[in-house]
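Survey of secondary and tertiary structure
Below, each chain spelled out in residue letters.
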Amino acid sequence: MKLNSILLTTAAIAWASPAFAAGDLFIYTYGEYTPPDLVAKFEKAFDVKVHVDTFDSMETMLAKLRAGAGGYDIVVAGDPNIQLMISENMLEKIDVNAMPNYVNVDERWRDVYWDSGRQYSAPWAWGSTSFMVDSAVVKGDINTLGVLFNPPAEVKGRINMMRDVNEVINIALRYLNLPRCNENPEDMKKVLELLETQKQWVKSYNSEFKEPLVSGEAVASMAWNGYAMRARDEKPSLVYVYPKEGFTGWMDNLAVPKGAPDIENAKTFINFMMNPENAAMVSTYARYSNGIKGSEKFVDPKLATAPELAPPAGTPAPEFIPNCSPASTKLYDRVWTKLLN
Amino acid sequence: MTAQAELRSPFRVSKRLAFTGLLLPAVGVITIFMIAPVAIVFVYSFLEPARYGGVVWNFSVEGYLQILFERDFVDGSLQFSADYLVILWRSVFQAAICTVLCLMISVPTAYFIATRSERTKPIWIFLITVPYWVNLLIRTIALLFILRDDGPLNKAIMMTGLTTSPLPLSYNNFAIGLGLVYSFLPFMVLPLYSAFERFDFRLLEAAYDLYASRRVAFFKIVLPVMRPGLIAGSLLVFIPSIGSYLAPDILGGGKTLMIGNLIGTQFQGAHNWPFGAALSMILLTVTLIVLIWMARRSARKNTGY
Amino acid sequence: MANARMKDIRAFSGFGSIAVAGVLFLYLPILFLCVYSFNDGRSVSQWSGFSFRWYITVFGNSGIKAAAMNSLTIATIAASVSTVLALGAAMATVNRRFKGETLAYATLTFPLMVPEIVTAVASLVFFVSLGVRLGFSTILIAHIVFCIPFAYLPIRARLEGMDATLNAAAADLYASPIRAFWRITLPLLAPGLMSGWLLAFIISLDDFIITALVAGPGSTTLPLHIYGMLRLGITPEVNAISTMMLVGSIVLLAIAGVLGRSSKNS
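Residues numbered from 1 in each chain as written. Chains lettered and ligands numbered in written order. Predicted model: local features only at pLDDT ≥ 70, side-chain atom pairs only at ≥ 80, totals over all residues. Heavy atoms only, no water.

Moving on: the environment of Ser215 of chain A. Tracing the sequence through the fold places Ser215 of chain A in helix α8 (residues 210-215). Overall, Ser215 of chain A belongs to the buried group, its relative accessible area being 13%. The spacing of Ser215 of chain A and Glu234 of chain A is 19 residues in sequence and 9.7 Å in space, taken between C-alpha atoms. Beyond its immediate stretch of four places on either side in the chain, Ser215 of chain A contacts Arg148 and Asp150 of chain B together with Gln46 of chain C. A polar contact of 3.3 Å, which involves the side chain of Ser215 of chain A, links it to the backbone oxygen of Pro212 of chain A. (Helix = DSSP H or I, 4+ residues; strand = E, 2+ residues; numbered from the N terminus. Buried < 20%, exposed > 50% of the residue type's maximum accessible area, 1.4 Å probe, protein only. Contact = heavy atoms within 4.5 Å. Polar contact = N/O pair within 3.5 Å; in protein donor to acceptor, adjacent residues only side chain to side chain.)

And the structure:
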């Protein structure tokens, strides 16, 4: 009987759904991406309680929203993911371009491939994926992907690659001068051969690249620019490289998933985030650029001069890689499985 | 239920009602919230993948075919491929090693704890589980920092002057093994202790009086009492460690895929739910067969006295 | 004299050292982790000076605190409920023959056998199709279910082969079943219950994949919070909260120990 009453109580707790107050905003994003002072500022200005829930990867977020999990007002998603979510009818059309603060969005980020004319999404932060080298150890020309794929003696056995199928295969395709989102099996065979050859010199496949670089386990590693800056803070000899073959760019955006409980609050937040002063808070906290004009004067001055965020003149523009077709995704997956076998 | 069963039952829950009342809540909860959802995934394994995750409702066995065969990179013809079998084998082998290592440490540890005083026994059990309040990922990363070339362990060893260059403690099979043991140790120690705690040490005394050697005493008297715990602990370590991948990813340098990674990516980045579902169903079937075989064997042994 | 001999008989050479070495091995990384919770820098492995900065962050950042509270609450409830369910199941199934015995055993251990990501996706699809709102409740249900085998197997291991003792004891006392349960069964089962509860507790506290998919808005647990930090970098904030939880658990143990001793004395 005891058992029954325990079960009943549990059931009662389990199904009592939480009551939502009128002023709530549920944000679904990466951890350490949302400045606490920004949240406090928004809460104070609009009398809305902000709840931040975090995911580990875009894939988790997508799988979840695909299956129909709802309840989030704002989701932070990368450029190919926004493209995918729009095409799969997973986002609310909120006409970001009609919002008052839209004038602040840099022209460069308006007619983007993932949301041309910005009907669904607004910029949150953007950055690049390239690689980092310990200049105290690695001599010679470092401005080439050859450091990773045809490494000099001092780099052999001390390479760290990200453990991310898309990032790794895209950088390999770039080295081979082959198109990204490749659907040609012959090309992908070459990628596999290149990566398999490289594997003997790879110390680890780890997306957390700061620790291996700072400890000296790796002297060359794939890197994201903002986090690379943190690595340089800890080890000044680390250099973020803009290779002559080019590098990947990405942008994380704010969007509203279909069926969001409070679209109005979500819109208020998105408009709020296109204010330069607020966008600057994100850059200062997360160390990535934002896409808002006029935010420079509010950003931590350290960032303005950081080579990771302000590439030298003459650097090629970052390449934004759209969502790949199912055929190419399948090839990527096969190359990855064979590489890590 | 036979009269004999009733006699042998320790709790005299002889009435069918009491029996059902005890068993049903657990079985019911699992049936509704685990077996029913997994049945959905079983159905998924016979469907076609949707473009970006999810399924299209067309019957297909491609998911299962893919496990053994691959379409040629160029001409698309089906050919046998051992890639996924290798990954499956690696994961099962890893789990077996992990189980053996855990056993080797846990049997002495559980025995040692059982010989402590009544008051200190729970403290020891607690001491073994306290580190597990810390997240597995964080613990595994901390273990890597200790093992790596410029980590405190290597520094300490080099200070003693035993070696001048750091020992290769990280990014190899040694590190993976250590990490696996670190992930699962209490899941072996606690069931073993739980079974062995009731051991009557006078039995050992009697054995020695009859001139049994320590070895014989251990294998003939101690181990049989531990047996139920051994089975329980082995299940709790072996099965979850098949699917685990944090230790190889972090401590092994992430150079190989485990079945857990493989299934995970099919549901996430690779957008191939039917293939992920098919892989899971195969894995599930294999584990179920092993488990039922073990259950039957242990049941036969129990009736044997 | 008798005591000394008893000790001698119990000892197998090397067992004690293996046990102590094993426990030390468990604590070495933990020690490292606690030390770095006082790191002044952002790194969890490069020392740059002593500071309480990350503890201050933990107290200021409601995110990680709330996540830890969620995790502890869920783990406590899930472990307790699953232990009660597992106890019932173990009492019904152990040391008796019945039709469908294997089926019951397979069902009770089933949650152990399903790969975690499958449980995660399956539960998510299941809850969504039923129209259940994702959140604390769905996490709790999922945790109770996958905790059952972790509680059931140690309890079962304890019960197996115990019938003789119990029967004799109960018969001697002519006790009613309920009295026998409270007076005899439960105390004898205590090590099994403790083992089962603790294993269920730590498995619930640690779960990431299943929780990530069945969690809803506003129900982030500690593992979700920690894995979420991977992209932007894990900071010693995690070490700080982990250290606080460790200290908390040890304090709880000490209190339980003191209470236990005083209740025995009285």
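Residues and elements named next belong to chain A. What the rule picks out here adds up to 1 disulfide over all chains. Each sulfur in the disulfide pair Cys181 and Cys324 lies 2.0 Å from the other. Measuring handedness by torsion sign, the sulfur bridge of Cys181 and Cys324 sits at about -75 degrees and is left-handed. Here Cys181 is found in the loop between α6 (165-175) and α7 (185-199), whereas its partner Cys324 is found in the loop between β12 (319-320) and α13 (326-339), with 143 residues between them in sequence. Classification of Cys324 by relative accessible area gives buried; the value is 10%. (Disulfide = S-S within 2.5 Å.)

A word on the packing of aromatic side chains. Under the defined criterion, the tally for this structure stands at 55 aromatic pairs over all chains. Relative to Tyr227 of chain A, the ring of Phe209 of chain A lies with its centre 5.3 Å away and its plane at 80 degrees, an arrangement referred to as edge-to-face. Highlighted residues: Phe209 of chain A in the loop between β8 (202-205) and α8 and Tyr227 of chain A in helix α9 (residues 225-234), separated in sequence by 18 residues. For the pair formed by Phe209 of chain A and Tyr227 of chain A, the shared burial category is buried. Centre to centre, the rings of Phe46 of chain B and Phe59 of chain B are 6.0 Å apart; their planes meet at 5 degrees, and the pair counts as stacked. Highlighted residues: Phe46 of chain B in the loop between α2 (16-44) and β1 (48-49) and Phe59 of chain B in the loop between β2 (55-56) and α3 (62-68), separated in sequence by 13 residues. On the accessibility criterion, Phe46 of chain B (24% relative accessible area) is partly exposed. Here the aromatic cluster, defined as three or more aromatic residues joined through ring pairs, consists of Tyr111, Phe196, Phe199, Phe201, Phe218 and Phe219 of chain B together with Phe15 of chain C. Across the ring face of Trp126 of chain A, the terminal group of Arg108 of chain A is positioned such that the distance to the ring centre comes to 4.7 Å. Positioned over the ring face of Tyr182 of chain B is Arg139 of chain B, at 5.6 Å from the centre of the ring. (Phe/Tyr/Trp six-rings, centres within 6.5 Å; stacked < 30°, edge-to-face > 60°. Lys NZ or Arg CZ within 6 Å of the ring centre and 35° of its normal.)

Averaged over every residue, the pLDDT of chain B is 86; residues scoring 70 or more account for 91%. Contacts from residues 1-10 of chain B, a stretch scored under 50 in pLDDT, to residues over four places away or in other chains number 17 contacts. (pLDDT = per-residue confidence, 0-100.)

To continue, consider the interface of chain A and chain B. Listed per partner, the contact involves 37 residues of chain A and 39 residues of chain B. Buried surface at the junction of chain A and chain B, summed over both partners, amounts to about 3400 Å²; 55% is from carbon and sulfur atoms. Contact with chain B buries area across many residues of chain A, yet Arg163, Arg334 and Asn341 of chain A alone supply 17% of it, more than any other trio. Our enumeration of links across chain A and chain B arrives at 6 salt bridges. The residue Glu70 of chain B makes a salt bridge to Lys338 of chain A at a minimum N-O spacing of 3.4 Å. At the boundary of chain A with chain B, the tally comes to 17 residue pairs in polar contact (both at pLDDT 80 or more). Breaking the side of chain A that touches chain B down by element, the ones donating at least two residues are α1 (2-15), α3 (58-66), α4 (79-87), α7, β8, α8 and α13 of chain A. If one sorts the elements of the side of chain A that touches chain B by residue count, α13 of chain A sits on top with 10 residues. Looking at side-chain class alone, the side of chain A that touches chain B contains 15 nonpolar, 8 polar and 14 charged residues. (Buried area = accessible area lost by both parts, 1.4 Å probe. Salt bridge = Lys/Arg side-chain N within 4 Å of Asp/Glu carboxyl O. Nonpolar A, V, L, I, M, F, W, Y, C, P; charged D, E, K, R; others polar.)

Moving on, we come to the pattern of salt bridges. Taken as a whole, this structure holds 25 salt bridges over all chains when the rule is applied. Between Lys235 of chain A and Asp134 of chain A there is a salt bridge; the shortest N-O distance is 3.3 Å. With a gap of 101 residues between them, Lys235 of chain A in the loop between α9 and β10 (238-241) and Asp134 of chain A in strand β6 (residues 121-134) connect regions that are remote in the sequence. Side by side, Lys235 of chain A and Asp134 of chain A carry an identical accessibility label, which is buried. Close ionic contact of Asp150 of chain B with Arg148 of chain B constitutes a salt bridge, the shortest N to O distance being 3.4 Å.

For any two helices packed against each other, the geometry comes down to the angle between their axes and how far apart the axes lie. Residues and elements named next belong to chain A. Here helix α2 (residues 36-46) crosses helix α10 (residues 263-273) at 120 degrees, and the two axes come no closer than 12 Å. The angle between α2 and α10 places the two elements in the oblique class. Classified by chirality, the crossing of α10 by α2 is right-handed. Residue-level contacts link Leu38, Lys41, Phe42 and Phe46 of α2 to Asn265, Thr268, Phe269, Phe272 and Met273 of α10. Of the residues assigned to the contact of α2 with α10, the class counts are 6 nonpolar, 2 polar and 1 charged. (Axes fitted to C-alpha atoms, helices over the stretch in contact; angles between N-to-C directions. Parallel < 35°, antiparallel > 145°, perpendicular 65-115°, else oblique. Left-handed = near helix turned anticlockwise from the far one by under 90°.)

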